[in-house]
Amino acid sequence: MPKEHSLGDLQHAIMRVLWEKGETPVADVHQALLEERGLALTTIATMLSKMEKKGVVQRRMEGRGFVYAATVSESEVNRSMVADLTEQLFRGDAAALVSHLLTEQQIDRGELDAIKQLIEEHASRSGRK
């Protein structure tokens, strides 16, 4: 069974910085989120420490500060969080999730065409066309 990687909003924002930049000093993570979040450097450092305990980031000492890197990929986190969402809100029914997205979200024609293409490709790979 894949490991669960459920992240809160701030944790996910921090991970996006690490996925984009790779190994990053705390101050640079803080700077990347400062305009959007307006949080203190100590808040980001505390959250990174909690995330290290969770096992989603690792740190090493560089000079006088810590440098952090993601230990899980964006796709692993997305997979885990979508599976959790599907289970919690739709009792594990992926069709109900897709139905909800199609009826409750604004989806333009291009996105709808892309979704249809993905469904066709998945059906072909699964041998269920």
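Going by the structure above, here's the rest.
Here we summarise the structure given alongside this text. Note that this is a predicted model, so its numbers are computed, not measured.

With that out of the way, let us pick up the overall build of the protein chain. Of regular secondary structure, the protein chain possesses six helices and three strands. The N-to-C order of helical and strand elements in the protein chain reads α-β-α-α-β-β-α-α-α. For 129 residues, the compact-globule formula gives about 14 Å, and the C-alpha radius of gyration of the protein chain, at 18 Å, lies well above that figure. Overall size of the protein chain, expressed as C-alpha extent along the three principal axes, is 60 × 35 × 25 Å. For the protein chain, the residues scored as buried account for 24% of the 129 residues in total. Of the contacts formed within the protein chain by residues at least 6 apart in sequence, a portion of 50% connects residues at least 24 apart. As presented, the protein chain carries roughly 9,100 Å² of accessible surface, and 52% of it is formed by carbon and sulfur atoms. Positive and negative charge centroids in the protein chain, built from 17 and 20 side chains respectively, lie 5 Å apart.

All right, on to the packing of aromatic side chains then. How two aromatic rings sit relative to each other is given by the distance of their centres and the angle of their planes. The tally for this structure, following the rule as stated, stands at one aromatic pair. Judged by centre distance (6.4 Å) and plane angle (65°), the rings of Phe-66 and Tyr-68 are edge-to-face. What makes Phe-66 partly exposed here is its relative accessible area of 31%. Under the relative-accessibility criterion, Tyr-68 is labelled buried at 2%. Above the ring of Phe-66, the side-chain terminus of Arg-59 is found at 3.8 Å from the ring centroid.

Here we take up the packing of helix α2 (residues 26-37) against helix α3 (residues 41-54). In contact at an axis separation of 9 Å, α2 and α3 are set at 115° when each is read in the N-to-C sense. Note on packing geometry: the crossing formed by α2 with α3 is right-handed. Across the interface between the two elements, Val-26, Ala-27, Val-29, His-30 and Leu-33 of α2 pack against Leu-41, Ile-44, Ala-45 and Leu-48 of α3. Of the residues belonging to the contact of α2 with α3, the class tally is eight nonpolar, one polar and no charged.

What follows deals with the nonpolar core. If you look at the biggest cluster of nonpolar residues, it comprises 19 residues, and the most contacted ones within it are Ile-14, Met-15 and Leu-18. Among the secondary structure elements, those contributing two or more residues to this core are α1 (9-21), α2 and α3. Looking at which element gives the most residues to this core, the answer is α1, with six residues. Excluding its chain neighbours within four sequence positions, the residues that come into contact with Ile-14 are Val-29, Leu-33, Ile-44, Met-47, Leu-48 and Met-51.

All buried positions along α2 are accounted for by Val-26, Val-29, His-30 and Leu-33. End-on, the buried residues of α2 take up no more than an arc of 95°, which puts them together on one face. Turned more than 90 degrees away from the buried face of α2 sit Gln-31 and Glu-35, all of them exposed. Phi turns positive one or two residues past the end of α2, at Gly-38, with a value near 65°.

What counts and what doesn't
- Residues numbered from 1 in each chain as written.
- Predicted model: local features only at pLDDT ≥ 70, side-chain atom pairs only at ≥ 80, totals over all residues.
- Heavy atoms only, no water.
- Helix = DSSP H or I, 4+ residues; strand = E, 2+ residues; numbered from the N terminus.
- Rg over C-alpha atoms; globule rule 2.2 N^0.38 Å.
- Buried < 20%, exposed > 50% of the residue type's maximum accessible area, 1.4 Å probe, protein only.
- Contact = heavy atoms within 4.5 Å.
- Areas by Shrake-Rupley, 256 points an atom, 1.4 Å probe, with all protein chains shown as cover.
- Lys, Arg positive; Asp, Glu negative; His and termini not counted.
- Charge placed at Lys NZ, Arg CZ, Asp CG, Glu CD.
- Phe/Tyr/Trp six-rings, centres within 6.5 Å; stacked < 30°, edge-to-face > 60°.
- Lys NZ or Arg CZ within 6 Å of the ring centre and 35° of its normal.
- Axes fitted to C-alpha atoms, helices over the stretch in contact; angles between N-to-C directions.
- Left-handed = near helix turned anticlockwise from the far one by under 90°.
- Nonpolar A, V, L, I, M, F, W, Y, C, P; charged D, E, K, R; others polar.
- Core = buried A, V, L, I, M, F, W, Y, C linked by side-chain atoms within 4.5 Å.
- Arc of directions from axis to C-beta.

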